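Residue-level listing of the chains:
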Amino acid sequence: MEFTLIQLILSLVALIFLGNRVIRFLRKERTQTGFKLILTLVVWGGILLTSLFPVTVHNLSRSLGFGDNLNTLIFFGFVMVFILLFKLLASIEHIERNITEVVRKEALKDIKL
Amino acid sequence: MTEKKTYIVVPAYNESEVIGLVLDELHKQNYRNIIVVDDGSTDSTYLKAKEKDVVILRHMLNRGKGAAVKTGIEAAKILQADQIVTFDADGQHEPHDIKKALKLLEKFDVVLGKRDFKEKHIPFFKKIGNFIGNLITWLIHGLWVSDSQSGMRAYSKNAISLIETTADRYEYDSEIMREIVRNKLSYTEMPIHVRYTEYSQKKTNRQSYSGAIKTVIRMILSG
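Sequence order sets the numbering: in each chain, residues are counted from 1 along the sequence as written. To read the labels, note that chains go from A and ligands from 1, taken in the order they are written. Side-chain atom pairs in this predicted model are given and counted only at pLDDT of 80 or more, local residue features only at pLDDT of at least 70, and totals for whole chains, interfaces and linings cover all residues. The basis for the side-chain values is all heavy atoms of the structure; hydrogens and waters are excluded.

Caption draft 1: The layout of surface pockets, seen in detail. All names here are of chain A. There is about 970 Å³ of room inside the second largest pocket. Together, 24 residues line the second largest pocket, and Val 42, Val 43, Gly 46, Ile 47 and Gly 77 are the ones closest to its centre. For the purposes of this entry, the term helix denotes a DSSP run of H or I that reaches at least four residues, the term strand denotes a run of E that reaches at least two, and both are numbered from the N terminus. Looking at the lining of the second largest pocket, the elements that each hand over two or more residues are helix H2 (34-52), helix H3 (54-66) and helix H4 (70-108). Element by element, the count of residues in the lining of the second largest pocket is highest for H4, at ten residues. In this classification, the charged set is Asp, Glu, Lys and Arg, the nonpolar set is Ala, Val, Leu, Ile, Met, Phe, Trp, Tyr, Cys and Pro, and all remaining amino acids, among them Gly, are polar. Grouping the amino acids of the lining of the second largest pocket by side-chain chemistry returns 18 nonpolar, six polar and no charged. Put simply, the grid is 1 Å and covers the protein atoms alone, a cavity is a trapped set of points that fit a 1.4 Å probe, a pocket is an open set with protein on both sides within 12 Å along at least five of seven lines, and lining residues have an atom within 4 Å of a point. Grid points are joined across faces, edges and corners, and a volume is the space filled by probe spheres set on the points.

Shown next as structure tokens:
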């Protein structure tokens, strides 16, 4: 089985991220959660599988009903990423406003007529 | 007729070098009701302002110019202000302009300070930045003004009670335009003189280019 350069690079990067996450999870670092582990396994595992076995992934996409058009799957991936990004931005904005409200309340607590 | 209670709101972030002078200038013009909001400065702004005869409030964290102005306005409301003038702490505004603004406030709900961008000493990036700011403000809020980012503004009691803002950073300045439109407030623009000193150009906390881009994005998202 022959690998192209891009396949090798992608596999290596995916392995580094997967290994890093798994090691940190096994070390029980405080910032590591099961959710982060699963997310890494799905995203970087997916990239690893796609780069190692492109034909299998292509067949899988065909059996899922996407036909020969793997781009559709990638497009949906992007849409999901953008939705997540906007959700994240909205949530950050909400937290920022709450922080400001707390800071303001504290600043105004001694103000009396 | 009883005299109107005027409050000057001065948002300040790391302005220890000039805040004392700015407050002295305001006192010299007989403005006694001054609220300084120290927006989580890391220098001695708070202590310098505290030496003066002003109401000093402190944000324990830096929340941005918009947040600081709003805190000052909330304080002025508690202190039953009849009218409020916002005034930058870096010494770029002329205290003489306040009197003119208050005069106009007899006829209008909001007076917007308007810098003369034809003046040669105004940096080029300020001119371009202001034009982009005006354009986006117009596109989002439907109100064309010639200086959407000016820090010097005056508000009547009616405007104070109606204006509701949420933006923390520089996009606050444009949010005021939305509120003018939403509440059908009467407004006017008043030419003001600005002093772009070596200090104001050198200071590290002035809005950077990347900060300006972020402001534009936030304006679009919050519009």
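Caption draft 2: Region of the structure containing the nonpolar core. Residues Ile 8, Val 10, Leu 26, Val 36 and Ile 98 of chain B are the most contacted members of the largest nonpolar core, which totals 30 residues. Looking at this core, the elements with two or more residues in it are strand S1 (6-12), helix H1 (19-28), strand S2 (34-39), helix H2 (45-50), helix H4 (96-104) and strand S7 (187-192) of chain B. If you tally residues by element for this core, the top one is H1 of chain B, at four residues. Whether two residues touch is decided by their heavy atoms; if any such pair falls within 4.5 Å, the residues are in contact. For Ile 8 of chain B, the contacting residues outside a window of four places in its chain are Leu 26, Tyr 31, Asn 33, Ile 34, Ile 35, Val 85, Phe 87 and Ile 98 of chain B. For the purposes of this section, nonpolar cores are sets of buried Ala, Val, Leu, Ile, Met, Phe, Trp, Tyr and Cys residues that join through side-chain atoms within 4.5 Å. To sort residues, take the accessible area from a 1.4 Å probe on protein chains only and compare it with the maximum for the residue type: under 20% means buried, over 50% means exposed, and anything in between is partly exposed. Counting 29 residues, the second-largest nonpolar core is a separate cluster that includes Leu 108 of chain A together with Leu 112, Ile 176 and Met 177 of chain B.

Caption draft 3: How the structure looks around the interface of chain B and chain A. Listed by partner, the interface residues are 20 residues for chain B and 15 residues for chain A. The term buried area denotes the loss of accessible surface (1.4 Å probe radius) that occurs when two parts are joined, taken as the sum for both partners. Both faces combined, the contact of chain B with chain A buries some 1,600 Å², and carbon together with sulfur accounts for 68% of it. The three residues of chain B that bury the most area against chain A are Met 60, Arg 63 and Ile 78 of chain B, which together make up 31% of that side's buried surface. A carboxyl oxygen of Asp or Glu within 4 Å of a side-chain nitrogen of Lys or Arg is what we treat as a salt bridge. Measuring nitrogen to oxygen at the nearest pair gives 3.8 Å for the salt bridge that ties Arg 169 of chain B to Glu 96 of chain A.

Caption draft 4: A look at the packing of aromatic side chains. The aromatic pairing rule takes the rings of Phe, Tyr and Trp, using the six-membered ring of Trp, and pairs them if the centres are within 6.5 Å, calling planes under 30 degrees apart stacked, those over 60 edge-to-face and the rest tilted. Tallied over the entire structure, the rule returns three aromatic pairs over all chains. Between Phe 17 of chain A and Trp 44 of chain A, the ring centres sit 4.5 Å apart and the planes meet at 5 degrees, which makes this aromatic pair stacked. Taken together, the residues Phe 17 of chain A in helix H1 (residues 5-26) and Trp 44 of chain A in helix H2 connect sequence positions 27 residues apart. Phe 17 of chain A sits in the partly exposed class, given a relative accessible area of 42%. The class for Trp 44 of chain A is partly exposed, based on a relative accessible area of 22%. Ring-pair connections join several aromatic residues into one group, and the members of that group are Phe 131, Trp 138 and Trp 144 of chain B. Over the ring of Tyr 46 of chain B we find Arg 58 of chain B, and its NZ or CZ is 4.4 Å from the ring centre. Here, over-ring charges are defined by two tests on the NZ atom of lysine or the CZ atom of arginine: distance to the ring centre within 6 Å, and angle to the ring normal within 35 degrees.

Function cannot be read off these values alone, since they describe shape.
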